[in-house]
Amino acid sequence: MKYHNAADSLKDRVILVTGAGDGIGREAAIQYAAHGATVILLGKTVSKLEAVYDEIEDLGYIQPAIIPLDLMGATKQHYLDMVDTIEQQFGRLDGVLHNAGILGVLSPLEQIEESTFDDVMQVNVKAQFLLTQAVIPFIKKSPDGRIIFTSSTVGHSGRAFWGSYAISKFATEGMMQVLADELSNTNVQVNAINPGGTRTGMRAKAFPAEDAKQLKTPKDIIPLYVYLMGPESRHVTGKCIDAQPKPSSSHSHCE
Ligand code: NAP
């Protein structure tokens, strides 16, 4: 499905993007800014966030903001403080893209180290849970709020050797569905995106031998990210949508 987004579809919106320094999150942040949003760039490596900040400024879009935060160590209080800061600085929050994630180690489930499992669940699940809890009261005040989670093909169909990562993405889809149902009578729509194989550092780590040139780039899949953050998706909630649906499937929902 093609998503056509008006040039100013995200005008006046304040949008938080996690993992905004690299890969898909970097492109989403730039495209949200290109569509008129004020973007808050959250991530671990400050130099990467600064590079995205500079790119957005150089392109003449609205000045973004940076929140350096390592999701591995962040506590509930960090997220509450972050929401306070956003409230003081911007007065509103209209969207959150939960994009940051780690792959962990691909191996038979029997051999997964406990520390690897804990790290993947911390960054991919618990951090999103705590951040989401902290933003709910604030984002409910938005006239048209959005929370977007990031899943994976292995987040709805388990596959050998994808252990902790696949388990974390199943949990992510569960969190999305629970929250979408709870917020169904509010102005906040909650969905997930499965990017599909996309040319990024994470993909290269998972498939070191493949020809990356055959893959879609973050830019190719970003129209769905803009659509789900904008006014056209105001009636869409509780869905996981494939950014690269298989040509044979009659619809693009992750099933
Ligand atoms: P990526 O290039 O590795 O980027 C991941 C981003 O997450 C980076 O900006 C990274 O920041 C950030 N991050 C990682 N650990 C963090 C932490 N502890 N605290 C804060 N930020 C952290 O990955 P990607 O391919 O763009 O993936 C983006 C999302 O799409 C992930 O949720 C991934 O699971 C999902 N996904 C990707 C594919 C694919 O083919 N690429 C397919 C399915 C799903 P630093 O660079 O500073 O570490």
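Report on the accompanying structure. (Residues numbered from 1 in each chain as written. Predicted model: local features only at pLDDT ≥ 70, side-chain atom pairs only at ≥ 80, totals over all residues. Heavy atoms only, no water.)

**Structural notes on the environment of Ser184**
Next up, step 1: Structurally, Ser184 is set in the loop between α5 (163-182) and β6 (188-194).
Next up, step 2: Assessed through its relative accessible area of 42%, Ser184 is described here as partly exposed.
Next up, step 3: Between the C-alpha atom of Ser184 and that of Thr237, which follows or precedes it by 53 residues, the distance is 7.7 Å.
Next up, step 4: Of note is the side chain of Ser184, whose polar atom sits 2.9 Å from the backbone oxygen of Asp181. (Helix = DSSP H or I, 4+ residues; strand = E, 2+ residues; numbered from the N terminus. Buried < 20%, exposed > 50% of the residue type's maximum accessible area, 1.4 Å probe, protein only. Polar contact = N/O pair within 3.5 Å; in protein donor to acceptor, adjacent residues only side chain to side chain.)

**Comments concerning the site of the ligand**
Next up, step 1: Close to the ligand lie 29 residues; Thr45, Lys48, Tyr165, Thr198 and Thr200 are nearest.
Next up, step 2: Contacts to the ligand include Lys44, whose side-chain N or O atom sits 3.3 Å from an oxygen atom.
Next up, step 3: Take Thr198: an N or O atom from its main chain is 2.8 Å from an oxygen atom of the ligand.
Next up, step 4: Listing elements by their share of the shell around the ligand, those giving two or more residues are α1 (23-34), α5 and α6 (201-206).
Next up, step 5: Top contributing element to the shell around the ligand by residue count: α6, with three residues. (Near = heavy atom within 4 Å.)

**Examining the packing of aromatic side chains**
Next up, step 1: On inspection of all chains with the given rule, the structure shows three aromatic pairs.
Next up, step 2: Between Tyr3 and Tyr227, the aromatic rings sit 4.8 Å apart at their centres with planes inclined by 35°, giving tilted as the arrangement. Of this pair, Tyr3 sits in the segment before β1 (14-18) while Tyr227 is found in helix α7 (residues 218-229), placing the two residues 224 residues apart along the sequence. Per residue, the accessibility class of Tyr3 equals that of Tyr227, and both read buried.
Next up, step 3: Ring geometry for Trp162 and Phe207: centres 5.9 Å apart, planes at 40°, overall tilted. You can see Trp162 sitting in the loop between β5 (145-150) and α5 and its partner Phe207 sitting in the loop between α6 and α7, a full 45 residues away along the chain.
Next up, step 4: Trp162 gets classed as buried once you look at its relative accessible area, which sits at 12%.
Next up, step 5: Residue classification places Phe207 among the partly exposed positions, given a relative accessible area of 29%.
Next up, step 6: Taken together, the ring pairs connect Trp162, Tyr165 and Phe207 into an aromatic cluster. (Phe/Tyr/Trp six-rings, centres within 6.5 Å; stacked < 30°, edge-to-face > 60°.)

**Considering the packing of α1 against helix α2 (residues 46-58)**
Next up, step 1: Here α1 crosses α2 at 25°, and the two axes come no closer than 10 Å. Relative to α2, α1 is oriented roughly parallel. As α1 runs across α2, the sense of the crossing is right-handed. For the pair α1 and α2, contact is made by Arg26, Ala29, Ile30 and Ala33 and by Val52, Glu55 and Ile56, respectively. (Axes fitted to C-alpha atoms, helices over the stretch in contact; angles between N-to-C directions. Parallel < 35°, antiparallel > 145°, perpendicular 65-115°, else oblique. Left-handed = near helix turned anticlockwise from the far one by under 90°. Contact = heavy atoms within 4.5 Å.)

**Structural notes on the nonpolar core**
Next up, step 1: Residues Tyr79, Met82, Leu93 and Val190 are the most contacted members of the largest nonpolar core, which totals 39 residues.
Next up, step 2: For this core, the elements supplying multiple residues, two or more each, are β1, β2 (38-43), β3 (65-68), α3 (76-90), α4 (114-139), β5, α5 and β6.
Next up, step 3: Of the residues forming this core, the biggest block, 11 residues, is contributed by α4.
Next up, step 4: In this view, Val190 contacts Ile147, Phe149, Met176, Leu179, Ala180, Leu183, Thr237, Gly238 and Lys239; residues no more than four positions away in its chain are not counted.
Next up, step 5: In this structure, Ile30, Ile148, Tyr225 and Ile241 belong to the second largest nonpolar core, which totals 32 residues. (Core = buried A, V, L, I, M, F, W, Y, C linked by side-chain atoms within 4.5 Å.)

**Brief notes about the pairing of β1**
Next up, step 1: Burial analysis of β1 places five of its five residues in the buried class, which makes it a mostly covered element.
Next up, step 2: In β1, alternate side chains face the same way, and those of Val14, Leu16 and Thr18 on one face and Ile15 and Val17 on the other are all buried.
Next up, step 3: One crossover worth recording links β1 to the parallel β2 by way of α1, and it is right-handed.
Next up, step 4: Summarising the sheet, β1 and strand β4 (residues 95-97) pair through three bridges and their orientation is parallel. In the strand pairing of β4, Ile15 is matched with Gly95. (Right-handed = clockwise from strand over helix to strand, strands pointing away. Pairing = 2+ DSSP bridges.)

Shape is all these values report; function is a separate question.
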